[in-house]
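Listed below are the residues making up each chain.
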Amino acid sequence: MSRLVLAIVMASLSAWAQDWPDFRGPERNGVYPGTIAEKLPANGPEMLWEKSVGAGFSNPVVANGRLILFHRVGSEEVVEALDAGTGKPIWKQAYPTKYRDDFGFDPGPRASPVIAGGQVYTFGAEGTLTCLSFASGERIWQVRANEEYGVAKGFFGAASTPLIDGNRLFLNVGGADGAGIVALDKDTGKLLWKATEDDASYSSPVMAEIQGKRRLVFTSRARGLVILEPADGKVVYARRWRSRSNASVNAAMPIVSNDIVLLTASYGTGALALDFSGGGEPKVLWSGEEALSSHYSTPGCWMAWCMAMTAGRSTGSRSARSI
């Protein structure tokens with residue numbers, strides 16, 4: 001069944017001033033850095049255009065006045081560039097897919113497109129990782145990651161959005177022979193390093209500063225928290241945090257701010273807040289399902305949570321359990 005993508009204006013063109021080129025925004029933290037209109041028109045926002053789209057859970061991304069749409073149409077996964085203001089097609093690229101999940105759910109892509117360095121990256125449900133030119137849609141490279149790295153099918157296919165940083169692409173791939181997490185050259189798709197034996201979760205990774213150092217932060221299906229060196233994939237910290245149920249997939253993204261890391265899982269597990277500010281082994285600030293439990297959705301109140309956690313860290317308070 002097709003759905004509709006809607007583009008609207010929020011009472012002023014300032015809503016277009018900032019790009020949204022990645023999953024959960026420019027910093028992958030769910031925060032819009034631009035100006036948002038304080039008041040909507042009396043009759044609501046004006047609809048600019050609408051478009052019927054195919055299957056999938058992948059959200060659109062926007063940069064430089066273009067909207068990138070990733071969806072499944074028939075037996076193809078399709079990437080399209082549209083004019084963000086008018087919906088007018090600019091280019092389209094497609095490739096065949098035979099993906100079907102074992103539950104008969106939606107067969108479309110799950111991961112968000114990413115726009116970075118003049119290129120568009122997509123990761124399809126069948127594990128096809130593609131790099132396209134943002135300007136023309138020309139295919140630059142493509143890797144069938146599930147085949148390349150021996151990835152098991154899993155419940156719902158590949159769903160983790162790649163992370164681009166510098167010249168590297170980091171992916172929660174869940175492959176065999178130490179390819180649980182991989183780093184690829186973003187311009188060629190060639191393997192730079194691989195790490196862990198962990199199955200892939202559906203969580204997308206983040207790059208964050210922890211104890212003054214830039215770290216890769218992943219949530220894997222097998223263990224939970226995995227923190228790595230970006231340059232070589234060395235695991236600097238790992239902690240098991242997942243349900244004992246095999247049905248658990250660890251889908252929410254890790255949240256990192258002020259040396260605090262938040263994980264959340266479901267099926268009786270709940271959330272875990274770790275404080276790395278003291279150096280060495282992190283301090284558990286709080287944990288458990290009574291504090292917070294989210295299976296698929298990344299908590300959106302991270303700024304308030306981090307402020308409360310920072311205050312609690314200095315006073316020993318545990319009052320932030322209610323956030």
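Residues numbered from 1 in each chain as written. Predicted model: local features only at pLDDT ≥ 70, side-chain atom pairs only at ≥ 80, totals over all residues. Heavy atoms only, no water.

## A word on the overall build of the protein
Within the protein, the secondary structure is distributed over 2 helices and 22 strands. The proportion of buried residues among the 323 residues of the protein is 52%. Sequence separation of 24 or more characterises 55% of the internal contacts of the protein that already satisfy a separation of 6 or more. Only carbon and sulfur atoms are counted for the fraction: they give 51% of the accessible area of the protein, which is about 14700 Å². (Helix = DSSP H or I, 4+ residues; strand = E, 2+ residues; numbered from the N terminus. Buried < 20%, exposed > 50% of the residue type's maximum accessible area, 1.4 Å probe, protein only. Contact = heavy atoms within 4.5 Å. Areas by Shrake-Rupley, 256 points an atom, 1.4 Å probe, with all protein chains shown as cover.)

## Some details on the sheet that holds strand 13 (residues 181-185)
As summarised here, the arrangement of the 4 strands in space is 11-12-13-14, forming an open sheet in which the pairing is antiparallel. At either margin of the open sheet sits one strand with a lone partner, and together these are strand 11 (163-165) and strand 14 (191-195). When the angles between neighbouring strand axes are averaged without regard to direction, this sheet yields 20°. Where strand 12 (residues 168-172) and strand 13 come together, 5 bridges link them in antiparallel fashion. The residue bridging L171 from the neighbouring strand is V182, located in strand 13. (Pairing = 2+ DSSP bridges. Axes fitted to C-alpha atoms, helices over the stretch in contact; angles between N-to-C directions.)

## Re the pattern of salt bridges
Considering all chains together, one arrives at 6 salt bridges under this definition. Among the ionic pairs, D187 bridges to K186, the shortest N-O distance being 3.0 Å. The exposure class of K186 is buried, given its relative accessible area of 12%. (Salt bridge = Lys/Arg side-chain N within 4 Å of Asp/Glu carboxyl O.)

## Points about unusual backbone geometry
In this model, R24 sits at a positive phi of 65°, which is unusual for a non-glycine residue. Its location among the elements puts R24 in the loop between strand 1 (3-9) and strand 2 (46-53). R24 gets classed as buried once you look at its relative accessible area, which sits at 16%. Not every positive phi belongs to a glycine, and T196 is a case in point at roughly 70°. T196 gets classed as buried once you look at its relative accessible area, which sits at 13%.

## A closer look at the nonpolar core
Among the nonpolar cores identified, the biggest contains 20 residues, and Y121, W141, Y149 and L169 are the most heavily contacted of them. Elements with a contribution of two residues or more to this core: strand 7 (114-116), strand 8 (119-123), strand 9 (128-133), strand 10 (139-144), strand 12 and strand 13. When sequence neighbours within four positions are dropped, the list of residues in contact with Y121 reads S112, P113, V114, A116, T130, C131, W141, I164, L169, K186 and D187. With 16 residues, the next largest nonpolar core counts L225, Y237, V256 and A265 among its residues. (Core = buried A, V, L, I, M, F, W, Y, C linked by side-chain atoms within 4.5 Å.)

## So, the environment of Y267
Counting through the fold element by element, Y267 comes out in the loop between strand 20 (260-265) and strand 21 (270-275). It is 8.9 Å that separates the C-alpha atoms of Y267 and E289, two residues lying 22 residues apart in sequence.

## Observations concerning the pairing of strand 20
In terms of burial, strand 20 is a largely internal element, 6 of the 6 residues being buried. Because side chains alternate across strand 20, one face comprises the buried residues I260, L262 and T264, and the other comprises V261, L263 and A265, equally buried. Sheet analysis places strand 19 (residues 255-257) next to strand 20, joined by 3 bridges and oriented antiparallel. Following the sheet pairing, V256 is matched in strand 20 by V261. Between the end of strand 19 and the start of strand 20, which pair antiparallel, lie 2 residues, with N258 showing a positive phi angle near 55°. Pairing between strand 20 and strand 21: 6 bridges, direction antiparallel. In the strand pairing of strand 21, A265 is matched with G270.

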